[in-house]
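Remarks on the overall topology
Here is what each chain is made of, one letter per residue.
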Amino acid sequence: MKSVVTLDLNSQYLYLLQTTHFQNTCSVTIYNEKIVGFFSGYIIPNDKDTLFIWQVAVSNEIRGQNLAMKIILDIFNKNKY
């Protein structure tokens, strides 16, 4: 997250909450033992077909490969009720 200057860096506590309270809608992508993607969001409680996207970060070295869209679709499909 620190290397993506367009996103606000949040506290470690917030990232801890995201990975516990929203574990089904947050994702970290690792490639060659390096974090290359991060996604956080949540399913809107009153609208189970809506995925609210909070933050998406993809490292420069892997951009252009549709990683963000793949993560979003994967999370949304895993959370279909």
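**So, the packing of aromatic side chains**
In total, this model carries three aromatic pairs according to the counting rule given. Ring geometry for Tyr42 versus Phe52: centroids 5.1 Å apart, planes at 40°, classification tilted. Residue Tyr42 is found in strand β2 (residues 34-44), and its partner Phe52 is found in strand β3 (residues 47-58); the two are separated by ten residues along the sequence. Of the residues examined, Phe52 reaches a relative accessible area of 32% and is grouped as partly exposed. Members of the aromatic cluster, connected to one another through ring pairs, are Phe22, Tyr42, Phe52 and Trp54.

**Here's the deal with a nonpolar patch on the surface**
Together, Val28, Ile30 and Ile35 give the surface a local cluster of nonpolar side chains, amounting to about 300 Å² of exposed area. In this structure, Ile30 sits in strand β1 (residues 26-31). Note on Ile30: relative accessible area 58%, which makes it exposed.

**Observations regarding the pattern of salt bridges**
For the structure shown, the criterion picks out two salt bridges. Two residues, Lys34 and Glu61, come together in a salt bridge whose shortest N-O distance is 2.8 Å. Taken together, the residues Lys34 in strand β2 and Glu61 in the loop between β3 and α2 (67-78) connect sequence positions 27 residues apart. Its relative accessible area of 42% is what places Lys34 among the partly exposed residues. Where Asp74 meets Lys78, a salt bridge forms, and the shortest distance between an N and an O atom there is 3.1 Å. Taken as a pair, Asp74 and Lys78 lie in helix α2 at a separation of four residues, close to a single helical turn. A residue is classified by how much of its surface remains accessible, and Lys78, at 61% relative accessible area, is exposed.

What counts, and at which threshold
Residues numbered from 1 in each chain as written. Predicted model: local features only at pLDDT ≥ 70, side-chain atom pairs only at ≥ 80, totals over all residues. Heavy atoms only, no water. Phe/Tyr/Trp six-rings, centres within 6.5 Å; stacked < 30°, edge-to-face > 60°. Helix = DSSP H or I, 4+ residues; strand = E, 2+ residues; numbered from the N terminus. Buried < 20%, exposed > 50% of the residue type's maximum accessible area, 1.4 Å probe, protein only. Patch = residues over 30% accessible without salt bridge, like charges linked within 9 Å, V, L, I, M, F, W, Y side chains within 5 Å. Areas by Shrake-Rupley, 256 points an atom, 1.4 Å probe, with all protein chains shown as cover. Salt bridge = Lys/Arg side-chain N within 4 Å of Asp/Glu carboxyl O.

Treat this as a map of the structure, not an account of what it does.
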